[in-house]
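This is what each chain is made of:
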Amino acid sequence: MISIITGDIVNSRKLSSEIWMDGLKKLLNTFGKNPIEWEIYRGDEFQLVVKNPEEALISALQIKSYFKSLKLDVRMSIGFGDMTYKADKISESNGTAFSRSGEVFETLKKQKINLAIHSGNEAFDAEINLMLRLSLVFMDNWLAQSAEFVLTTIENPSLSQEEIGVKLGINQAAVSRRRKRAQFDLVMEMEKYFRNKIKTISV
């Protein structure tokens, strides 16, 4: 089982692509190689393979917090399944993970939802998608500073609050405030729940 994240940037024209494109490429490069494991196409859409499905949600949260730190947002679907054909470009590869990611992605705009999953396991999908919709109530409203804290903390999981503060150029009290405002502990609880649950399903 693998996972495929399909995404597009919400209101991408609000900000010159020069501002977010290099950062997005740098971020996607940490997950794999272009264009076999990730690709940006049509200017503001992208696709990414996350080989370990347990890492899918944390990867999506990392991408979301990156865009929110720039006062933008991103719409993403995560599909779980197999890869039956691996091409030189991810956009030409296929399998159930790709079709499921694509199916959900097509519905996001209409539903006005910025993050959803599709594994083919209805009970699992219903549960996790409900948790995601509840979390998006505050994640969609992350301020740039809160999102920057989330991104830095996800990228540096072993750092203490003091060390995160040094990276962000703020004191520990400010780090603590941003953590609280971002509902970071709740987000990580949800991520941990997803991580444990995805291990138990076969798709």
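Each value, and the rule that gives it
Along every chain, residues carry numbers that run from 1 in the direction the sequence is written. Under the rules for a predicted model, residues below a pLDDT of 70 receive no local features and side-chain atom pairs below 80 are neither given nor counted, while totals for whole chains, interfaces and linings still include all residues. Side-chain measures here rest on the full set of heavy atoms in the structure, leaving out hydrogens and waters. Cavity and pocket criteria rest on a 1 Å grid covering protein atoms alone: a 1.4 Å probe that fits but cannot get out defines a cavity, protein on both sides within 12 Å along at least 5 of 7 lines defines an open pocket, and an atom within 4 Å of a point defines a lining residue. Grid points are joined across faces, edges and corners, and a volume is the space filled by probe spheres set on the points. Numbering of helices and strands runs from the N terminus; a helix is a DSSP stretch of H or I covering at least four residues, while a strand is a stretch of E covering at least two. DSSP bridges decide pairing: two strands pair if at least two such bridges lie between them. Axis definition: a line fitted to C-alpha atoms, over the contacting stretch in the case of helices. Angles run 0 to 180 degrees between N-to-C directions. To qualify as a nonpolar core, a set must consist of buried Ala, Val, Leu, Ile, Met, Phe, Trp, Tyr and Cys residues joined through side-chain atoms within 4.5 Å. To sort residues, take the accessible area from a 1.4 Å probe on protein chains only and compare it with the maximum for the residue type: under 20% means buried, over 50% means exposed, and anything in between is partly exposed. Contacts between residues were defined by any pair of non-hydrogen atoms, one from each residue, lying within 4.5 Å. In the sections that follow, a salt bridge refers to a side-chain nitrogen of Lys or Arg positioned within 4 Å of a carboxyl oxygen of Asp or Glu.

Draft legend 1. Examining the layout of surface pockets more closely. Of the pockets and cavities examined, the largest pocket occupies roughly 240 Å³. The wall of the largest pocket is formed by Thr-6, Asp-8, Tyr-41, Arg-42, Glu-45, Gln-47, Arg-75, Ser-91, Gly-102, Phe-105, Glu-106 and Lys-109. At the level of elements, strand 1 (2-10), strand 3 (45-50) and helix 3 (96-111) are the ones that each hand at least two residues to the lining of the largest pocket. Examining the composition of the lining of the largest pocket, we find that four residues originate from one element, helix 3, more than from any other.

Draft legend 2. Representation of the sheet that holds strand 5 (residues 115-118) in the model. Spatially, the five strands line up as an open sheet ordered 2-3-1-4-5, and their pairing is mixed. In the strand order of this sheet, the two ends are held by strand 2 (38-41) and strand 5, each with one partner. Strand after strand, the sheet turns through a mean of 15° between neighbouring axes, direction not considered. As defined by bridge partners, strand 1 adjoins strand 3 across six bridges and the pair is classed as antiparallel. When the sheet's bridge partners are listed, Gly-7 is paired in strand 3 with Phe-46.

Draft legend 3. Seen up close, the nonpolar core. Grouped together as the largest cluster of nonpolar side chains are 53 residues, with contacts concentrated most on Ile-63 and Phe-67. Among the elements that take part in this core, helix 2 (residues 56-69) stands out by supplying eight residues, more than any other. Filtering out sequence-adjacent residues up to four positions away, Phe-67 remains in contact with Ile-9, Trp-20, Leu-24, Leu-72, Asp-73 and Val-74. Judged by nonpolar contacts, the second largest core, of six residues, contains Ile-2, Val-49, Ala-97 and Phe-98.

Draft legend 4. Molecular detail of the pattern of salt bridges. The full count for this structure, using the stated rule, is 11 salt bridges. Measuring nitrogen to oxygen at the nearest pair gives 2.8 Å for the salt bridge that ties Glu-191 to Arg-195. Placement of the pair is Glu-191 and Arg-195 together in helix 8 (residues 184-198), with a separation of four residues, close to one helical turn. One continuous salt-bridge network, built from bridges that share partners, spans Lys-64, Lys-68, Asp-73 and Asp-140.

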